[in-house]
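Listed below, chain by chain, are the residues.
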Amino acid sequence: QVQLVESGGGLVQSGGSLRLSCVAFGSIFSIDAMGWYRQAPEKQRELVAIITNSDSTHYADSVKGRFTISRDNTKNTVHLQMISLKPEDTAVYYCNAIIAKDSSAARFQYWGQGTQVTVSS
C-alpha cells in the first residue's frame, strides 16, 4: 500500500509564507510526477503545481512567481513553498503522485488527505 502524508498547512496573514511538504510511504518502485492541488469551499479541485521526475515544472497562472514546487527523490518528498499569500489562496491543499509499485508499466495515482491553508486579510 502507498500513502501520501502532508504537513505544513496553517493560518497566515495576507502577504505571509508557508511551506507544504508531502512524503510518499509504502511499496514504491518509482515516482513519476508529483504535484499539489487545492480545493476551496464550493469550488472544484484545481491544479496548483506539478513537477516531473526530470524536474520539469508547471504552475497554475494564479500562483506563478509566488509558489515554488520542488522534490527530493531520495526521500520521496515534494515541497510547495508559498510566498506573498493572498486570501484567495485559502483552500485545502492535496498532494498527488503518480507511482509505479514495480518494474511493470502500471502507474497508479495517489492522493494525500489534504492540509488546510487559510490566509487572512
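The structure we're discussing is the one just above.
This part covers the overall build of the protein chain. Along its length, the protein chain carries zero helices and eleven strands. Compactness check: the protein chain gives a C-alpha radius of gyration of 14 Å against a globular reference of 14 Å for 121 residues, within 12% of the reference. Overall, the protein chain is about 50 × 25 × 25 Å in size when its C-alpha atoms are taken along their principal axes. Out of the 121 residues in the protein chain, the part that is buried amounts to 40%. The contacts in the protein chain between residues at least 6 apart in sequence include a share of 56% that link residues at least 24 apart. Total accessible area on the protein chain stands at roughly 6,400 Å², and carbon and sulfur atoms take up 48% of it.

This paragraph deals with the sheet that holds strand 1 (residues 2-7). Within the open sheet, the four strands sit side by side as 1-3-8-7. Their pairing is antiparallel. Of all strands in the sheet, those bounded by a partner on one side alone are strand 1 and strand 7 (67-72). For this sheet the average axis-to-axis angle between neighbouring strands, irrespective of direction, equals 15 degrees.

To continue, consider the state of the cysteines. Working definition of a disulfide: a covalent bond connecting the sulfur atoms of two cysteines. Evaluation of the coordinates by the stated rule reveals one disulfide. Here cysteine 22 engages in a disulfide with cysteine 95; their sulfurs sit 2.1 Å apart. Between cysteine 22 and cysteine 95, the disulfide has an S-S torsion of -80 degrees and is therefore left-handed. With cysteine 22 in strand 3 (residues 18-26) and cysteine 95 in strand 9 (residues 91-100), this pair connects stretches of sequence that are 73 residues apart. A single burial state applies to cysteine 22 and to cysteine 95, both of which are buried.

This structure, assessed with the given rule, holds one aromatic pair. Between arginine 45 and the ring centre of tryptophan 111, over which it is positioned, the NZ or CZ distance is 4.6 Å.

Throughout the structure, instances matching the rule amount to five salt bridges. In this structure, arginine 38 engages aspartate 89 in a salt bridge whose closest nitrogen and oxygen atoms are separated by 2.9 Å. With a gap of 51 residues between them, arginine 38 in strand 4 (residues 30-39) and aspartate 89 in the loop between strand 8 (77-82) and strand 9 connect regions that are remote in the sequence. You'll find arginine 38 and aspartate 89 in the same group, each marked buried. One salt bridge in this structure joins aspartate 89 and arginine 66, with 2.7 Å as the shortest N-O distance. Linking aspartate 89 in the loop between strand 8 and strand 9 with arginine 66 in the loop between strand 6 (57-59) and strand 7, this pair joins segments that are 23 residues apart in sequence. For aspartate 89, a relative accessible area of 1% puts it in the buried group. One network of salt bridges, in which partners are shared, links Arg38, Glu46, Arg66 and Asp89.

Looking now at the nonpolar core. In this structure, Trp36, Leu80, Met82 and Tyr93 are the most contacted members of the largest nonpolar core, which totals 31 residues. Sorting the residues of this core by element identifies strand 1, strand 3, strand 4, strand 5 (46-51), strand 7, strand 8, strand 9 and strand 11 (115-120) as the ones contributing at least two each. It is strand 9 that provides the largest number of residues to this core, a total of five residues.

Procedures and definitions
- Residues numbered from 1 in each chain as written.
- Predicted model: local features only at pLDDT ≥ 70, side-chain atom pairs only at ≥ 80, totals over all residues.
- Heavy atoms only, no water.
- Helix = DSSP H or I, 4+ residues; strand = E, 2+ residues; numbered from the N terminus.
- Rg over C-alpha atoms; globule rule 2.2 N^0.38 Å.
- Buried < 20%, exposed > 50% of the residue type's maximum accessible area, 1.4 Å probe, protein only.
- Contact = heavy atoms within 4.5 Å.
- Areas by Shrake-Rupley, 256 points an atom, 1.4 Å probe, with all protein chains shown as cover.
- Pairing = 2+ DSSP bridges.
- Axes fitted to C-alpha atoms, helices over the stretch in contact; angles between N-to-C directions.
- Disulfide = S-S within 2.5 Å.
- Phe/Tyr/Trp six-rings, centres within 6.5 Å; stacked < 30°, edge-to-face > 60°.
- Lys NZ or Arg CZ within 6 Å of the ring centre and 35° of its normal.
- Salt bridge = Lys/Arg side-chain N within 4 Å of Asp/Glu carboxyl O.
- Core = buried A, V, L, I, M, F, W, Y, C linked by side-chain atoms within 4.5 Å.

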